[in-house]
Amino acid sequence: MTAASELGAWGVLIAVIGGALRVSTPYLFVSLGETLTEKSGRVNLGLEGTLMMGAMSGYGVSLASGSAWFGVFVAGLVGAAFGLLHAALCSLPRVNDIAVGIALFIFGTGLAIYLGKPLIEPVAPSLPAIPLGFWSDVPALRSALEINALLILGIALAPLLHWGLANTRWGLILRTVGDSADAARALGFSVNGVRTAATGLGGFLAGIGGAFLSLFYPGTWNEGLSSGQGLMAVTLVIFARWEPINCIYAALLFGGASALGPALQAAGVTGNYYLYGAAPYILTLLLLIRSSSTRHRLRGAPSELTISK
Amino acid sequence: MSKSFGAVRALDGVSLRIAPGAFHAILGENGAGKSTLVKCIMGHHRPDSGHLVIDGMRHDIRNPRQAHRLGLGLVYQHFTLVPNMTAAENLVLGQDPLPAVIDWDEARERAEAFQRGMPFRIELDAIVTGLAAGEKQKLEILKQLYLDRRVLMLDEPTSVLTPAEADQILGMLRDIAADGRLSVILITHKLREVLAFAGNVSILRGGRLVGEAKVAEIDEGELTRLMFGQKAVPSAAMRRASKVQPVRLEIRNLTARNDKELIACDRISLAVRGGEILGIAGVAGNGQRELVEVLAAQREPEAGDIRVAGARYRRSRQEMRRYGVFLLTEEPLHNGCVRALSIIDNLAIRNFDSRDHTALGCFLRRKALRAQAIALIERFGIRAPSPDARLDTLSGGNVQRAVLARELSGRVSVLIAQNPCVGLDFAATSEIRARLLAARNGGAAILLFSEDLDELIELADRILVMFEGRIVYETGRDGADRHEIGRHMASRQSWRRES
C-alpha cells in the first residue's frame, strides 16, 4: 500500500497537484517560448524536436561536465540553434512555417534519439529539488511539493514577458511585426529580423524545457521522453490566447491532466490506466474543438499567423 | 525620378518642387504612377534614377526610416495601423527612436495634450480593429502629425471616407499647411478634391508628368484633358426606362454576425425588382461585406430569409443555376476565382458541370470549355496572353472582366455586385458600369453595393444607406442628394464606433 492510497481521494488530489507542479514545467517553458514566436507572426511546430534535442543535450552535458545547470544552459543554446534554423528556413521565399516546423519536429526527434543512444545507460547529475513541503509531515504532500527552481523561474518569466510585451520597445515591435507586417515595414522595422530573434528565443526556452525533462522529472534520458509535450504546448498557446500569464494556468492544467493516470494508479485505481494516461491528449482535443468555430477567427490571435489568415 | 518594374516604366523622369506650407495635389488616374512616386520618395522602392533635395541637400533615400528622419511621412492607401493594438500604442509606435521602456502614463498624457490641439480626437484606448474606417484614417493622420512631420503625403486618403469626413479631414490639413508648419502632398484621382483644397497640382499620366499648375489658374476641363490625355472620356452609360416588374430578390429580417461574433447585419429587409438597380451606400465596415457573404453562401445567417422569385433561396448550386443568381464580389481575384487555375477553368467555374460540358456525367469536355473561354475572351475584351494562362497573370482590370464575363454571360436574373470598379482605370470602369446597366435594361434585378457615391448616383434606381448593420435611409434616383446620403452614411454626424 502506498502513502497515497491511505489518503484516499485526498491522496489522488495531492498527487495530481504534485504532478501538475512537476509535469507543467516543460509545458510552461515551451508555451512561453512559442507565445513569443507566435506573437511575431510565425508558428514553430518543431518545438517537439527542440524539446527532445534540449533533453538529450542537457543530459549529455550534465553527464560530461558534472553540472546540471550547465546542462540546462547548453540545452537552451541548442534549442536556440534549432529556432534559428527554423527562422532561417522560413525566411526563404515561399517557404511555409508549418511545413518547416513539421520537418524540424521529425529531424530534431530523430537526431536526439540518434545522438542520445550512449546516454540511455549512464546516470547524469540531476537538478536539485526545493522541498517546499518541509512544514508538513504527510509524506505524500512532501513529495508533491518537491519542486524545481525552473518552475519558479518559469512562473516568474510569465509576468515579465507579459509586462515586456506591453511596455518595452522590443515588445511593441514584436507585436507590430506579428500583427501587421505591412505596418512594421512602413515603420521601417525588419520583419524577418524580428521573427528570427523571436523564433530563436522561443527555441531557447523550449530547449530549457527539454533539459527539465531529462534532468529533473522524469529525470532520465530515453526515446519516449517528451511524448508529444512539445506539440501539445503549441495547442496550449492557442488555449492561453497568446497571453504569457495564461500560459501558467494552461500549463498547470495540462500538467495536472498528465499526472492523473499515475496518481490514480498510486491510489490503487489500476483499471483504465491507459485511458487516464490519455487525459492530456483528450484535453488537447477538447480545447481545440472548444476554441475553434466556423464563424469567427481566434480572438487574440496575431493577425500575421498562417493559422489566422 | 524614374522607376521600372520589368518592362513597365511606372515612373518616367518625374520632377516635383514642393514649397513649405504648400498643399500640393498629384492627380492621375489609376496606374498613372502616383503610388510608385510616393513609394520611391519614402524609400519603399529604390528609384532607377533620381533623388530628393531637401533644404538644398541631396538625399538618396534607402528605407522608410531614413525618410522618417528627414521629416517625410506617408498616409497609405491601405491602413498601416497595427490592428490588434490600441490607438495609443499605434501613436507611440511611430516614434524614432522608440524608448526601451515605455512610460505609458507619460505617453498618454502627451498624446492627450497633442489631441487637444487637433480638430478631432480618437479614444486612446480603442483597439484599432474596432474603429470605423473614417476613424482609422484620422488616426493615421494623427500619427503622422504627432511625429512632427514636415512633409506629409497622403495616398488616396478619402477612398474610405464619407464625403463629409473627406471634406473635414482635407480642410483640416489645408489649415495646418496654411500655418506653414507642414507641406501636404495629396495623391488623388478625384478632381473635386483637387479643385476644392489644393493650391498647386501636378498631373501624372502613364508615369510621366504631363502638367503642373496653380489650381486657381486652371479649370476642370483642362485638368480632365491632362489627366486622360486625348482619349475620349466615356459618357454616362445608357439607361432605359423599364416597366415595373415583380420583386425578384427579397431579403427579410436578415441578421448575421461578423468574424468577431458581433452583429454585423441587423434585421435587414429589402427587395429588388427585375429591371432595377438597388444601390447600397455606406462606409466600408457597416455590414455590407457580411451581407454580401451571406448572399454568396460564404457566411451563415443567424436569422432571416432570402427569397428569389418568391421562393425560399437556400443558396445551393442548383438554386443559383435555376434562378440565375450571379455575383461580382469584392476583390474577385481572392474571392471569386481560383488564382492558380487557367482562364479557361476560371471561366468555367459556374458551368463546367453542366450537360454541355461533360460527357457520361463525369468527364469534362475540355474542347467545349476552351471554346467557351475563347468566345468570352473575345466578347468581353479580356486581354490575356492565352486562354491557358493562369488567372493571376492578368491585370486587375482583366481579372475583373473575366469575372464579369463569367457572371454576366448567362441568363442573369439576379446580380449581386460589390464595389465592382474599385482599382480599375477609367475605361474599364465605364465599361463595367455600362454592362451593369445593360443587364438591368435586360430585366435583371441588381443589388449594387458601393462605397463610391458617384457610382451609385449614376447607376442606381433607388439608393439605400447601410449604417452599423441597418438600413437607415432610402431615396429614389430622382431625389438623390449626395449630401443627404452622406449625412446618413455617417449617421447623426457623430463618429461612432463600428460594432
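Residues numbered from 1 in each chain as written. Chains lettered and ligands numbered in written order. Predicted model: local features only at pLDDT ≥ 70, side-chain atom pairs only at ≥ 80, totals over all residues. Heavy atoms only, no water.

Describing the sheet that holds strand β12 (residues 263-273) of chain B
All names here are of chain B.
And then number 1: Strand order in this open sheet of four strands is β12-β11-β14-β15, and the pairing throughout is antiparallel. Unpaired on one side and paired on the other, β12 and β15 (311-312) mark the two borders of the sheet.
And then number 2: Pairing analysis gives two bridges linking strand β14 (residues 303-308) to β15, with the strands arranged antiparallel. Within β15, the residue paired with Val308 across the bridge is Ala311. (Pairing = 2+ DSSP bridges. Helix = DSSP H or I, 4+ residues; strand = E, 2+ residues; numbered from the N terminus.)

What about the confidence of the model for chain A?
And then number 1: Taken over all residues, the pLDDT of chain A has a mean of 88, while the share at 70 or more is 94%.
And then number 2: This stretch, residues 1-5 of chain A, has a pLDDT under 50; its non-local contacts, to residues over four places away or in other chains, come to six contacts. (pLDDT = per-residue confidence, 0-100. Contact = heavy atoms within 4.5 Å.)

Some points on the domain arrangement of chain B
And then number 1: By domain assignment, chain B separates into domain 1 (3-228) and domain 2 (247-489).
And then number 2: One C-alpha centre belongs to domain 1 of chain B, the other to domain 2 of chain B; they are set 33 Å apart. (Domains from an automatic or database assignment.)

Re the state of the cysteines
Residue and element names in this part refer to chain B.
And then number 1: Applying the stated criterion across every chain, the model contains zero disulfides over all chains.
And then number 2: Cysteine Cys337 is unpaired, with the sulfur of Cys421 as its nearest cysteine sulfur at 16 Å.
And then number 3: A relative accessible area of 13% means that Cys337 is categorised as buried. (Disulfide = S-S within 2.5 Å. Buried < 20%, exposed > 50% of the residue type's maximum accessible area, 1.4 Å probe, protein only.)

Overview of the pattern of salt bridges
And then number 1: A full pass over the atoms with the stated rule returns 39 salt bridges over all chains.
And then number 2: For the salt bridge of Arg175 of chain A with Glu89 of chain B, the shortest nitrogen-to-oxygen distance reads 2.8 Å. With one member in each of two chains, Arg175 of chain A in helix α8 (residues 169-179) and Glu89 of chain B in helix α3 (residues 87-93) form a pair that bridges those chains.
And then number 3: Arg175 of chain A sits in the buried class, given a relative accessible area of 14%.
And then number 4: Its relative accessible area of 11% is what places Glu89 of chain B among the buried residues.
And then number 5: Where Glu407 of chain B meets Arg350 of chain B, a salt bridge forms, and the shortest distance between an N and an O atom there is 3.0 Å. Taken together, the positions of Glu407 of chain B in helix α14 (residues 396-408) and Arg350 of chain B in the loop between α12 (343-347) and β17 (358-359) put the pair 57 residues apart, joining distant regions of the chain. Each of the two residues, Glu407 of chain B as well as Arg350 of chain B, counts as buried.
And then number 6: The network of salt bridges with common partners includes Arg433, Asp452, Glu455 and Glu458 of chain B. (Salt bridge = Lys/Arg side-chain N within 4 Å of Asp/Glu carboxyl O.)

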